[in-house]
Structure formats: C-alpha cells, structure tokens
Amino acid sequence: MSIEAHGPGLLQEVKMADQSLLSESALGWSIFALVFLVILSFSWVYIRKYQSRQESEVISTITAICALAIALITSALLPVDIFLVSYMKHPNGTYKEWAEHNETRGQIEDTVLYAYYSLYSILLFCVFLWIPFVYFYYEEKDDDNINKCSQVKNALKYTIGFIIVCAALLLIGAFVPLEAPPNQNGTQWEKMQYLFEELGNNHGVPALSFSISSLTLIGMLAVITYRAYGMSVLPLNLIKGTRSVVYERLENTEDIEEVENQMEKIKAKCEDGRPLSSRDRRNLQEFEDKLQVLQRRGRHLEIAESHCCTKVGSALRPLKILLGIFFILFALLFVVALFISNLDKALHSAGITSGFMVFGTNLTNPLNELLLTLQPVFPLDYVLITVITMYFVFTSMAGIRNMGIWFFWIRLYKIRPKRTRPQALLFLCMILLLIVLHTSFMIYSLAPQYVMYGSQNYLLQSPMPPGNNTTWTTKTCDADAPQDECTVTRSYLFLHKFWFFSTIYYFGNWVFIGVFLIGLLVSCCKGKKSVIEGEVEADDSDMSEDEYVH
C-alpha cells in the first residue's frame, strides 16, 4: 500500500523526517569540516613551533603536518563512532524512525567502517612508505655530491624494507585466520584458490586488521614510554611552574665568574713561558666550552626576562595551578579506572585464550559509570569522550617533548622549540600515529560498556502473571541484550578480531600503570624547570644560536 493511501498526514510526517535527517546530515558535515580545519591549523602551528629554522625543508614539513593531522583525525573517529550508534535510538530504547530498518542502520555502520578502513590504510601508507621515504630522502641530502635522481633512488632502496614488512603483515593477516578449505583432499592449487576467494569475499578486512593490530603493539610500547610519563609530568610542571628568571640570571652570572676564575688559574701556570700539561690543556678546553654554554644561557635569560610571554605566564600562574590540579585528578581517574578494568578481566574473564575479554562490567568502574550518568544530558558524554581522546594525544606529545626520542638507552633526537631537526619531527609524527592506534583500545579498557554500545538502551519485556498487560522496561545495552536491539561500535569489531593481541594489551595495561606511578614519583622529586628549559644545550652550533636569538 502506498504512502498516499494513508492520507496526507503520514506523507507530511515522512517529508518532515527526511528534511530533519538532511539538515542533521548537513550540520554533521559542517562540524566535520570545522574540526578538520582546526586540526590542520593546530598541526601547522605545532610543527612550525618546533621546526628548526636552519634545517627546515618543504617536503619534510608538509609530511610532518599531514601525518600529525591524520593522527588527530583518526583519534577523533572513535567519539564519532560512539555518537552514531547511540544516535540511532531514543532514550526510551526504541529506534528512531529513520533507523528502524536494518538496511538504514547497515548503511551507517558501513560508512563508519569504511572511514576506519580509509584512515587505517592511510596510516599504513604513512608508517611504511611515506614517512620512511621522506626520512631517507632527507638523510641522502647530506651528501653534497649526489643528484636528485640518485637521492630518490637511494631513499626508495631503504624504504623497500618497510614495504616488505607491511606486505608480510598483510599476508599473515589475510591467510592465517581463515578456516581450512572444505575439501582437504584437493590439490594445492585448489586450496590456494579457496584462500584467495575467501580473501576477496572478506575485502581484506582480516589482513588490514592484523596489520593495524601489529602496529598497535608498537604503539603500546610508545604509550607505556611516553604517555605514562606525560600524564604525570604535564600536570606537575603546571603546578610547580618555572624558576624565577631573575634568580637564574644571578646564578648564571656567578657560574660564569667561577669558570673564568678557574681558567685564569690554569693560564697563570704558563705565564713564565712553560707549556701547559696535557691535563691542563684538556681542563682549559672543557672550561672554555662550559663558558660558551653559560654565555648563551645568559643571552637567552636576558631575552626571557624582557619577553612579554614571561610576564603573561606569571600573571596566569593561578590558572596554571588549577589546570595542573585538574589534569592530575584526571590522570588518577584514568589509572584507577584502568586498574579496576584489568582487575575485572583478571577475575571474571575466561583467561588468556579468550584475550581476557569481558562483556560489560562486573566491578564498578568510575569512568564507565560517569559516561553512562552523563548520557541523558546531551551531549555531555560525547564531549567527555572527546576530551579523553584529545587528552591522551596531548599527554603523549608532552611525554615525547620532555623525554626526546630514544632507541632503548640511546637518545636519537631532542624535541625543542625552533631547534627540532626534520628527522626528529618525522619520528615524532610516526610515534604519534602508532600511539593513536592504541588509544582506541585503551579507552575501551577504561570504559568497556560505553565504548561498545555508547548510550544505547533497549526495551526488555517484563514477565507478568497470566491475564495482566505486558510491561516493558528500559535497560542499558550490554552483552545480554538481543542482537537486533543494540549496535556494537565498528571500532570494537575492528580491533578485537585476534584474541592474542587483546592478551598482550591486557598485560601492557598493567605495565602502563606501573610506569605511570614511577613517572609520578620521579616528577614529584624533580625540581622546577628552568624558564629556558631545552633552549640551550652544549652541542648547539653557533649558527643555530645566532638564528634563534635574532
């Protein structure tokens, strides 16, 4: 029966629903465009702030800005995923008119899934091809006798190793998880043909998921190293503040006088024409190098004392203390929630072979309960999950900035304002890309029920005595809900295909908690930072010093 047969009233309702959906879709795209512009602008400002003015290059700068923007956009996809599955239903547990059909819901779910495929594929391209190529291309530039063609050729030669690793991960993910061919007595060609047909039917989802999960393990190591430390050092630096620039200048002047006195004592030994011993010459050279560093510090401190940012920072000191207290409470809330979630898995999961997976929450998780409490007041829960995601990214950036880039016990690069080399910026962006991959799973560990179902509710029929009317009760979606009543986020389905990865993530969370507590203790014991922290190092060249000062 046509819509017109039901009367003009129903037709008008359908038109209004379509117009409402179109307007909401337009609003959503407008918000997405605005967020994209904000992320791109932030990435440009951040990279330009830390980029070395002396060694900057267009290709490395563009690569770093785009990679950082991709990392931030990917991290923002999880709140969108949670919002869309929640937006399909009313608070009373019924589906909205436009989402009542499975086909409509399936289209939205596929759109989100394709967004994950696209962004994760771009991440693979950045990590295994684009960033390594640009890194080696810039390294080859140091050779003055090489032309552009040879420079590109050598960069591609070194990048092939990354491509081989990516291809190996894709092949393992494509073929290992698949079921055995039904015809075990077939030829090897028939078995291979079956595997390729299965790969085509699945659109390569297991391959991509395995590759991303493998990179997530590396991201987990970066999270344990940098984010755990950043969550402690960022708020405590805000609370403690920096040392007084006037006191630092006085202390630096005294150090300069002491070094000059030591140099005069050594030079006095050769006033009668006798040559200095090798030990005295070595000590004199060390004092001269130290004096140069102290003099550079003096120039930087003089600039910092007269700079308006220093005066504004002093005026905003109470606000920084409040912000630091808020951040440390935020960090403690995360660690407590992560501890309770891991304890829940240890007590109520099926163990290692299941990946320590727990559907729902058996212990009261403060962060999960907070998100579920805020969900009736739109859009507070989505704002909070977005803030959590961005907080994780920015604390990771703070950890990298304070620690530098390390390979085991060897520090490769420093991250300093206006002094960071292009290679260090590329490493920074690659680490952030890997960290973002692990962020979705960590947020799931913090609030598993909310990340799986968002703010969805469903109607449950309550048993009543015979002859009485049926009553329906609204319940929050969990693992016990009927399959058609609750929609699971695409992020959960994508990142939990392989149980052994979830097992490694579980133990990684325990290590993260331990490293955070150690970092918190170290940050508490450290004194205040210098007002020119990281601006002057002994290995700085005079050319970069002159460029920075002027």
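Residues numbered from 1 in each chain as written. Predicted model: local features only at pLDDT ≥ 70, side-chain atom pairs only at ≥ 80, totals over all residues. Heavy atoms only, no water.

Chemist: Whenever I open this one, the overall build of the protein chain confuses me. Can you help?
Modeler: Scanning the protein chain from terminus to terminus reveals 18 helices and four strands. Within the protein chain, the proportion of its 550 residues that are buried is 44%. Contacts in the protein chain between residues far apart in sequence, at least 24 positions, make up 78% of those at least 6 positions apart. (Helix = DSSP H or I, 4+ residues; strand = E, 2+ residues; numbered from the N terminus. Buried < 20%, exposed > 50% of the residue type's maximum accessible area, 1.4 Å probe, protein only. Contact = heavy atoms within 4.5 Å.)

Chemist: Just checking my understanding: could you explain a negative patch on the surface for this structure?
Modeler: Where like charges cluster on the molecular surface, the negative patch consists of Glu254, Glu257, Glu260, Glu264 and Glu271. Summarising the element assignment, Glu254 is placed in helix α8 (residues 245-268). (Patch = residues over 30% accessible without salt bridge, like charges linked within 9 Å, V, L, I, M, F, W, Y side chains within 5 Å. Areas by Shrake-Rupley, 256 points an atom, 1.4 Å probe, with all protein chains shown as cover. Salt bridge = Lys/Arg side-chain N within 4 Å of Asp/Glu carboxyl O. Lys, Arg positive; Asp, Glu negative; His and termini not counted. Charge placed at Lys NZ, Arg CZ, Asp CG, Glu CD.)

Chemist: Explain the packing of helix α4 (residues 102-140) against helix α14 (residues 422-446) here, please?
Modeler: To describe two helices that pack against each other, one gives the angle between their axes and the distance between the axes. Running from amino to carboxyl end, α4 crosses α14 at an angle of 165 degrees, the nearest separation of the two axes being 10 Å. Considering the angle they form, α4 stands roughly antiparallel to α14. Viewed along their axes, α4 and α14 form a crossing whose handedness is left-handed. Between α4, through Tyr120, Leu123, Cys126, Val127, Ile131, Pro132, Val134, Tyr135, Tyr138 and Glu139, and α14, the contact on the second element is made entirely by Pro422, Gln423, Leu426, Phe427, Met430, Leu433, Leu434, Leu437 and Ser440. (Axes fitted to C-alpha atoms, helices over the stretch in contact; angles between N-to-C directions. Parallel < 35°, antiparallel > 145°, perpendicular 65-115°, else oblique. Left-handed = near helix turned anticlockwise from the far one by under 90°.)

Chemist: Which parts of the structure should I look at to understand helix α2 (residues 58-75)?
Modeler: The periodicity of an α-helix, 3.6 residues per turn, causes residues three or four positions apart to be oriented the same way. If you check α2, its first and last C-alpha atoms are 26 Å apart, about what 18 residues at 1.5 Å a residue would give, namely 26 Å. For α2, the tally of buried residues reaches 14 of 18 residues, placing the bulk of the element in the interior. (Expected span 1.5 Å × (residues − 1).)

Chemist: Would you explain the packing of aromatic side chains in this entry?
Modeler: Given two aromatic rings, their pairing is described by the distance between the two centres and the angle made by the two planes. Applying the stated rule across the entire model yields 24 aromatic pairs. Their ring planes at 75 degrees and their centres at 5.4 Å tell us that Phe42 and Phe394 sit as a pair that is edge-to-face. On the criterion of sequence distance, the pair formed by Phe42 in helix α1 (residues 8-50) and Phe394 in helix α13 (residues 380-403) is long-range, its members being 352 residues apart. Under the relative-accessibility criterion, Phe42 is labelled partly exposed at 30%. Relative accessible area serves as the criterion here: at 35%, Phe394 is assigned to the partly exposed category. Between the aromatic rings of Phe327 and Tyr391, the centroid separation amounts to 5.7 Å while the plane-to-plane angle is 50 degrees, which identifies the pairing as tilted. Of this pair, Phe327 sits in helix α11 (residues 317-348) while Tyr391 sits in helix α13, placing them 64 residues apart in sequence. The exposure classification of Phe327 matches that of Tyr391, with both residues buried. Pairwise contacts between aromatic rings join Tyr135, Phe136, Tyr158, Phe162, Tyr413 and Phe427 into one cluster. Over the face of the ring belonging to Tyr95 we find Lys89, whose NZ or CZ atom lies 4.6 Å from the ring centre. (Phe/Tyr/Trp six-rings, centres within 6.5 Å; stacked < 30°, edge-to-face > 60°. Lys NZ or Arg CZ within 6 Å of the ring centre and 35° of its normal.)

Chemist: Could you clarify how one ought to interpret the packing of α11 against α13 in this entry?
Modeler: At a closest axis distance of 12 Å, the pairing of α11 and α13 adopts a crossing angle of 100 degrees. When the interaxial angle is binned, α11 and α13 end up roughly perpendicular. Of the residues in α13, those touching α11 at Phe327, Phe330, Ala331 and Phe334 are Leu384, Val387, Ile388, Tyr391 and Phe392. Taken together, the residues that form the contact of α11 with α13 break down as nine nonpolar, no polar and no charged. (Nonpolar A, V, L, I, M, F, W, Y, C, P; charged D, E, K, R; others polar.)

Chemist: I tried to follow the nonpolar core on my own but got confused; where do I start?
Modeler: Inside soluble globular proteins, nonpolar side chains tend to come together where they are buried. With 109 residues, the main nonpolar core has Phe334, Phe392, Ile400 and Leu433 as its most contacted residues. Sorting elements by how many residues they give to this core places α14 first, with 18 residues. Leaving out residues up to four positions away in the same chain, Ile400 has contacts with Tyr226, Ile405, Ile415, Leu428, Ile431, Leu432 and Ile435. Membership of the second largest hydrophobic core comes to eight residues, among which are Val259, Ile266, Leu284 and Leu291. (Core = buried A, V, L, I, M, F, W, Y, C linked by side-chain atoms within 4.5 Å.)

Chemist: Is there a simple way to think about the pattern of salt bridges in this case?
Modeler: Where charged atoms of side chains with opposite charge meet at close range, the side chains can pair. Counted under the stated rule, the structure contains one salt bridge. Between Glu248 and Arg297 there is a salt bridge; the shortest N-O distance is 3.2 Å. Here the residue Glu248 occupies a position in helix α8, and Arg297 occupies one in helix α9 (residues 278-306), the gap between them amounting to 49 residues.

Chemist: I would appreciate a short explanation of the pairing of strand β2 (residues 410-413) in the present structure.
Modeler: One face of the sheet, then the other: side chains in a regular strand alternate in exactly this way. Both strand β1 (residues 405-407) and β2 contribute to a ladder of three bridges, which runs antiparallel. Each residue of the ladder has a partner; that of Phe407, found in β2, is Ile410. Linkage of β1 to β2, two consecutive antiparallel strands, is achieved through a turn of two residues, within which Phe408 is found at a positive phi near 55 degrees. (Pairing = 2+ DSSP bridges.)

Chemist: Where do I start with the environment of Tyr413 in this structure?
Modeler: Mapped onto the elements, Tyr413 comes out in strand β2. Separated by ten residues in sequence, Tyr413 and Met403 place their C-alpha atoms 9.5 Å apart. A polar atom in the side chain of Tyr413 sits 2.9 Å from the side chain of Tyr135. (Polar contact = N/O pair within 3.5 Å; in protein donor to acceptor, adjacent residues only side chain to side chain.)

Chemist: Sorry, what's going on with the side chain of Arg490 here?
Modeler: Looking at the secondary structure, you find Arg490 in helix α16 (residues 490-495). In this structure Arg490 comes out as buried when scored by relative accessible area, which is 12%. Sequence-distant contacts of Arg490, defined by excluding residues within four places in its chain, comprise Asp81, Glu109, Val112, Leu113 and Tyr116.

Chemist: I keep staring at the environment of Ala331 and nothing clicks. Help me out?
Modeler: If you trace the backbone, Ala331 turns up in helix α11. By relative accessible area, Ala331 is classed as buried at 0%. Along the sequence, Ala331 and Pro235 sit 96 residues apart, while their C-alpha atoms lie 8.9 Å from each other. Excluding anything up to four places from it in sequence, Ala331 contacts Met231, Tyr391 and Phe516.

Chemist: Any chance you could explain a nonpolar patch on the surface here in plain terms?
Modeler: The grouping of Phe407, Phe408, Trp409, Ile410 and Leu412 at the surface amounts to a nonpolar patch, some 640 Å² of accessible area in total. For Phe408, the position within the fold is in the loop between β1 and β2. Classification of Phe408 as exposed rests on a relative accessible area of 65%.

Chemist: What am I meant to see in the side chain of Thr439 here?
Modeler: Looking at the secondary structure, you find Thr439 in helix α14. Accessibility expressed as a relative area gives 2% for Thr439, which makes it buried. Engagement of the side chain of Thr439 in a polar contact is seen with the side chain of Arg227, the distance being 2.7 Å. In this view, Thr439 contacts Arg227, Thr389 and Phe392; residues no more than four positions away in its chain are not counted.

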